[in-house]
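# Remarks on the overall topology
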Amino acid sequence: MIDEKGILFILSGPSGVGKGTIRKALFDKSTNLRYSISMTTRAPREGEENGVDYFFKSREEFERLIQENQLIEHAEYVGNYYGTPKAYVEQTLDEGKDVFLEIEVQGALQVKRNFPQGVFIFLIPPSLKELKDRIVNRGTESEEKVNNRLTAAKDEIDMMDAYDYVVVNDEIDSAVNKIQAIVASEHCKRERVAKQYKQALEADQS
Ligand code: 5GP
């Protein structure tokens, strides 16, 4: 058996784009990806289970996790903490299994700093694609409104620069298929495959 680490996939994107829906649809299909369950201080919603949807923590517990350096990243979002447990991610990758994170953009930027070898997928709303055309062509908006919209769109587009792939969330199935295609492509990358073959040949010779 070739000793190869798993790949870390990070799905992120602007708030309200539907990251959670896409992640659930992806994991409803059969997948070899391991979902990293996040820690949060927000209260469980109806039907949510501790250790399934999130690890629900008090603020004190969460702050202790931060201090003890037990999180790869964390962010405060709408008054609550969210964070990714370091031990689970590192152990699972070491076992050669792929790990999948679904997190907001500030956290994704932190992961990028600590795991630059991760595969970063940016989910965008379909409207973003049309936004510029609409803003420029419509001509009915006041100059201030046009500028506000352009600034907001530009901020979202600027965030894309840190990512490897962009998936438009126009339809759940199509977005999920694209993510699966990205996972498959990453496993076919020449650098990964060549390394594995070389290691296998070396192992045979020894
Ligand atoms: P919700 O409260 O609706 O489950 O999630 C709110 C936001 O937090 C979503 O954008 C979700 O992607 C993000 N989120 C969930 N887990 C984490 C995490 O571990 N770290 C960060 N930075 N964001 C997270």
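Let me sum up the structure you'll find in this document. (Residues numbered from 1 in each chain as written. Predicted model: local features only at pLDDT ≥ 70, side-chain atom pairs only at ≥ 80, totals over all residues. Heavy atoms only, no water.)

Spatially, 2-7-1-8-9 is the arrangement adopted by the 5 strands of the open sheet, whose pairing is parallel. Edge positions in the sheet fall to strand 2 (34-35) and strand 9 (165-168), since each has one partner strand and no second. Alignment of strand 2 against strand 7 (residues 99-102), held across 2 bridges, turns out to be parallel. Its bridge partner lying in strand 7, Tyr35 is registered against Phe100. Against the sheet, helix 1 (residues 19-28) engages strand 1 (8-12), strand 2, strand 7 and strand 8 (119-124), with an angle of about 155° to strand 7. Its contacts with the sheet place helix 7 (residues 172-188) against strand 1, strand 7, strand 8 and strand 9, and it is angled at close to 160° to strand 9. (Pairing = 2+ DSSP bridges. Helix = DSSP H or I, 4+ residues; strand = E, 2+ residues; numbered from the N terminus. Contact = heavy atoms within 4.5 Å. Axes fitted to C-alpha atoms, helices over the stretch in contact; angles between N-to-C directions.)

Let us look at the pattern of salt bridges. Applying the stated criterion to the full structure yields 8 salt bridges. Residues Arg192 and Glu4 are paired through a salt bridge, measuring 3.5 Å at the closest nitrogen-oxygen approach. A residue pair is termed long-range when its members are at least 10 positions apart, and Arg192 in helix 8 (residues 190-205) and Glu4 in the segment before strand 1 qualify at 188 residues. Overall, Glu4 belongs to the buried group, its relative accessible area being 15%. In this structure, Lys97 engages Glu95 in a salt bridge whose closest nitrogen and oxygen atoms are separated by 2.8 Å. (Salt bridge = Lys/Arg side-chain N within 4 Å of Asp/Glu carboxyl O. Buried < 20%, exposed > 50% of the residue type's maximum accessible area, 1.4 Å probe, protein only.)

Counting residues in each nonpolar core, the largest one holds 20 residues, and the members touching the most others are Phe9, Leu11, Ile22, Phe100, Ile121, Val167 and Ile179. Elements with a minimum of two residues in this core: strand 1, helix 1, strand 8 and helix 7. A total of 5 residues in this core trace back to one element, the largest contributor, which is helix 7. Of all hydrophobic cores here, the second largest spans 18 residues; its members include Val99, Phe115, Phe120 and Val168. (Core = buried A, V, L, I, M, F, W, Y, C linked by side-chain atoms within 4.5 Å.)

Counting buried residues along strand 1, 5 of its 5 residues qualify, which places the element largely inside the surrounding structure. Of the two faces of strand 1, the one carrying Leu8, Ile10 and Ser12 and the one carrying Phe9 and Leu11 are both buried. Across 4 bridges, strand 1 lies against strand 7 in parallel orientation. Among the inter-strand pairings, Ile10 is bridged to a residue of strand 7, identified as Leu101. Summarising the sheet, strand 1 and strand 8 pair through 4 bridges and their orientation is parallel. Residue pairing for strand 8: Ile10 is matched across the bridge by Phe120.

Within this model, the largest pocket holds a volume of roughly 510 Å³. Lining the largest pocket are 23 residues, and of these Lys19, Tyr54, Tyr77, Tyr82 and Glu102 sit closest to its centre. Secondary-structure elements contributing two or more residues to the lining of the largest pocket are helix 1, strand 5 (71-77) and strand 6 (80-85). When residues of the lining of the largest pocket are assigned to their parent elements, the largest contribution, 4 residues, is made by helix 1. Partitioned by chemical class, the residues of the lining of the largest pocket number 7 nonpolar, 6 polar and 10 charged. One number sums up the size of the second largest pocket: a volume of about 340 Å³. Together, 16 residues line the second largest pocket, and Glu4, Gly6, Ile7, Gln117 and Arg192 are the ones closest to its centre. Sort the elements by how many residues they give to the lining of the second largest pocket and helix 8 lands first, with 3 residues. (1 Å grid on protein atoms, 1.4 Å probe; cavity = no way out; pocket = protein on both sides within 12 Å on 5 of 7 lines; lining within 4 Å. Points joined across faces, edges and corners; volume = space filled by probe spheres on them. Nonpolar A, V, L, I, M, F, W, Y, C, P; charged D, E, K, R; others polar.)

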